[in-house]
Amino acid sequence: MATSAQKRLLQDYGPWALVTGASSGIGYQLALQLSDIGFNLVIHGRNRSALEVLANKIHKNGNEVLVISGDFSNEQDNVKLLESTANLPIGLLVASAGYATSGLFADSKLDEEIDMLQVNVQAVLTQVYNFIQRFKIRNQSGIILISSIVGFQGVPYAAHYAATKAYIQTLGEGLSRELKKEGIDILVAAPGPVHTGFAGRAQMKMKQALQPADVARACLKNLGKKSTLKPGWLSKLLYYSLAMLPRSGKIRIMEKVMKDMVQRTSDSMA
Ligand SMILES: NC(=O)c1ccc[n+]([C@@H]2O[C@H](COP(=O)([O-])OP(=O)(O)OC[C@H]3O[C@@H](n4cnc5c(N)ncnc54)[C@H](OP(=O)(O)O)[C@@H]3O)[C@@H](O)[C@H]2O)c1
């Protein structure tokens, strides 16, 4: 049975939500939890079969679901998503799609870095801009963005990924004030390590990590109440243990942390 907080979410941001990155991890859990509350869902990712499995679960909850697959490194796929959802009464955008590259930037491939920039930044910017125009005619609506604990300072060995997340963090913080009077609630979640498909794709190894279901639960609980969220104990611990350091000190600590995360992956592959 839905709690009063869950009923508030559906009333303020329903009846439809769009979740990108819904085929896995944090986005998957957000879509599932929104469906449990009673939202109809547009779910997006590249992996269509994973999206179909999720769609079946959403159907079983008695909710409507629209599956759209595409790759945000291709701008046309983002346009397709926005066009195919134009007539749905969506009141909540969850932009969870994203990934990281890691290692020395000088050794990276520029086209791969530009692909990540397109997915983590340009696609999100376009979605946010587009949905703000739609949301202006609603009384209440919401946007959940996923930045990262790495977005609060430079991070050697994941320098470009951290820069994409700093962009999302800064954009969300600014917009949350600008859009308050329009009734558009923006929450930027900045998680530390989370157990998802993320680390494998980024070629990183995490020692401790949060569960994606807990991150999703914290996002839904805090939407409309906060603009920035450090979800779970680990995100808070990492953030506040660095908080008193000057920015240069934070960068040096993050250098050690990230070097270790990337190193352990290459050791295990050797
Ligand atoms: N896990 C962590 O430690 C962590 C920490 C801080 C922030 N984050 C952020 O959290 C968000 C969610 O990541 P996650 O941890 O849930 O990782 P995940 O399990 O790997 O999920 C990433 C999602 O993004 C989608 N995606 C990736 N590349 C895409 C592309 N080119 N086009 C369209 N969709 C794409 C994936 O879809 P397909 O699999 O179908 O391609 C998947 O649904 C990301 O923005 C990430 O940067 C993660």
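Before reading on, note that the structure itself is shown above.
All chains use their own residue numbering, which begins from 1 and follows the written sequence. Per-residue local features are limited, in this predicted model, to residues with pLDDT of at least 70; the limit for side-chain atom pairs, both in listing and counting, is 80 or more; totals at the level of whole chains, interfaces and linings are taken over all residues. As a convention, hydrogens and water are excluded, and side-chain values are obtained from all of the structure's heavy atoms.

**Quick word on the nonpolar core**
Put simply, a nonpolar core is a bunch of buried Ala, Val, Leu, Ile, Met, Phe, Trp, Tyr and Cys residues held in one set by side-chain atoms that sit within 4.5 Å of each other. Per-residue accessibility, obtained with a 1.4 Å probe over protein chains only, is compared with the maximum for each type, and a residue is labelled buried under 20%, exposed over 50%, and partly exposed between these values. Grouped together as the largest cluster of nonpolar side chains are 49 residues, with contacts concentrated most on Val128, Ile143, Leu145, Val150, Ile186 and Met258. Secondary structure elements follow DSSP: runs of H or I no shorter than four residues count as helices, runs of E no shorter than two count as strands, and numbering proceeds from the N terminus. For this core, the element with the highest residue contribution is helix H5 (residues 110-135), accounting for 8 residues. The contact rule is simple, with two residues in contact once any of their heavy atoms fall within 4.5 Å. In this view, Met258 contacts Val150, Val155, Pro156, Tyr157, Ala158 and Met204; residues no more than four positions away in its chain are not counted. Ile58, Leu210, Ala216 and Leu220 belong to the second largest nonpolar core, which has 37 residues in total.

**Looking at helix H4 (residues 75-84)**
Listed as buried for H4 are Asp77, Asn78, Leu81 and Leu82. Seen from one end, H4 has its buried residues packed into an arc of 140°, which puts them on one side. Opposite the buried face of H4, at more than 90 degrees from it, the exposed residues are Gln76 and Glu83. Those residues of H4 hidden inside the fold are in contact with strand E1 (16-20), strand E2 (40-45), strand E3 (65-69) and H5. Here the arc refers to the directions that run from the helix axis out to each C-beta atom.

**Side note on the packing of H4 against H5**
The description of two helices packed together rests on the angle between their axes and the distance between the axes. Fitting a line to C-alpha atoms yields each axis, with helices limited to the stretch in contact; the angle taken between N-to-C directions then spans 0 to 180 degrees. Running from N to C, H4 and H5 cross one another at 25°; their axes reach a closest spacing of 11 Å. Taken together, H4 and H5 sit at an angle that is classed as roughly parallel. Between H4 and H5 lies a crossing of right-handed hand. Side by side, H4 and H5 meet where Glu75, Asn78, Leu81 and Leu82 of the first sit next to Gln118, Gln122, Ala123, Thr126, Gln127, Asn130, Phe131 and Arg134 of the second. Side-chain classes are defined by residue name, with Ala, Val, Leu, Ile, Met, Phe, Trp, Tyr, Cys and Pro counting as nonpolar, Asp, Glu, Lys and Arg as charged, and the others, Gly among them, as polar. Its residues assigned to classes, the contact of H4 with H5 shows 4 nonpolar, 6 polar and 2 charged. An angle counts as roughly parallel when it lies under 35 degrees, as roughly antiparallel when it exceeds 145, as roughly perpendicular when it falls between 65 and 115, and as oblique in every other case. By definition, any crossing whose near helix is turned counterclockwise from its far helix by less than a right angle is left-handed, and any crossing with a clockwise turn is right-handed.

All quantities given are derived from atomic positions and should not be read as evidence of function.
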